[in-house]
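Residue-level listing of the chains:
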Amino acid sequence: MDGGSDSNLIYWDTFERLKISMDKLRPSKGPITRIVPGRQVMPLSIINLRVMFGEVANFRQEILSFEVVDF
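None of the values given here were measured: they were computed from a predicted structure. Positions within a chain are numbered from 1, following the residues in the order the chain's sequence is written. At least 70 in pLDDT is required for a residue's local features to be given in this predicted model, at least 80 for side-chain atom pairs to be given and counted, and no such filter applies to totals for whole chains, interfaces and linings, which use all residues. Side-chain metrics rest on all non-hydrogen atoms present in the structure, leaving aside hydrogens and water.

K.L.:
Can you tell me about the side chain of serine 45, naming the residues and giving the values?
P.N.:
Only DSSP runs of H or I reaching four residues or more are called helices, and only runs of E reaching two or more are called strands; each is numbered from the N terminus. Mapped onto the secondary structure, serine 45 falls in strand S2 (residues 45-55). Think of it in three bands: residues with accessible area under 20% of the maximum for their type are buried, residues over 50% are exposed, and the middle band is partly exposed, with areas taken using a 1.4 Å probe on protein chains only. The exposure class assigned to serine 45 is buried, which follows from its relative accessible area of 6%.

K.L.:
How would you explain the nonpolar core if you had to name every residue and give the values?
P.N.:
Counting nine residues, the largest nonpolar core is built from Ile10, Phe15, Leu25, Ile47, Leu49, Val51, Leu64, Phe66 and Val68. Elements that contribute at least two residues to this core include exactly S2 and strand S3 (58-69). Residue contacts are counted whenever heavy atoms from the two residues lie within 4.5 Å of one another. Not counting chain neighbours up to four residues away, the residues in contact with valine 68 comprise Ile10, Trp12, Leu25, Pro43, Leu44, Ser45 and Ile47. Side-chain atoms within 4.5 Å link the members of a nonpolar core, which is a set of buried Ala, Val, Leu, Ile, Met, Phe, Trp, Tyr and Cys residues.

K.L.:
Tell me what's going on with the environment of proline 43, and back it up with residues and numbers.
P.N.:
Take proline 43: it is sitting in the loop between helix H1 (12-18) and S2. Taking the C-alpha atoms as reference points, proline 43 and phenylalanine 71, 28 residues apart in sequence, are found 9.6 Å from one another. Among all residues touching proline 43, those that are not within four sequence positions of it are Ser28, Gly30, Pro31, Ile32, Glu67, Val68 and Val69.

K.L.:
I'd like a rundown of a nonpolar patch on the surface, residues and numbers included.
P.N.:
A cluster of nonpolar side chains, Tyr11, Ile35 and Phe71, forms an exposed patch at the surface whose accessible area comes to about 280 Å². Note that tyrosine 11 resides in strand S1 (residues 9-11). Within the patch definition used here, like charges are joined within 9 Å and nonpolar side chains (Val, Leu, Ile, Met, Phe, Trp, Tyr) within 5 Å, considering only residues with over 30% relative accessible area and no salt bridge. What sets the accessible areas is the Shrake-Rupley method with a 1.4 Å probe; for residues, cover comes only from the shown protein chains. When a carboxyl oxygen of Asp or Glu lies within 4 Å of a side-chain nitrogen of Lys or Arg, that pair is called a salt bridge.

Fair warning: the whole summary comes from geometry, so function is off the table for now.
Pasting the structure below:
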């Protein structure tokens with residue numbers, strides 16, 4: 001979720017705890033590199049989530065894509 005990140009990650013167990021419908025998931029586009037040194041990680045899927053940043057007096061919302069991973 002930082003501006004310099006190549007991928008936003010959400011762990012599978014976190015996804016399950018959010019109780020989001022599985023039909024919101026999309027197929028992954030391919031492996032992610034530079035997460036685990038020397039290895040590629042294949043995400044399970046991708047999901048778009050609305051994320052709010054900031055405080056009540058000063059905030060914004062964006063829809064971000066997250067790679068769902070299980071490791």
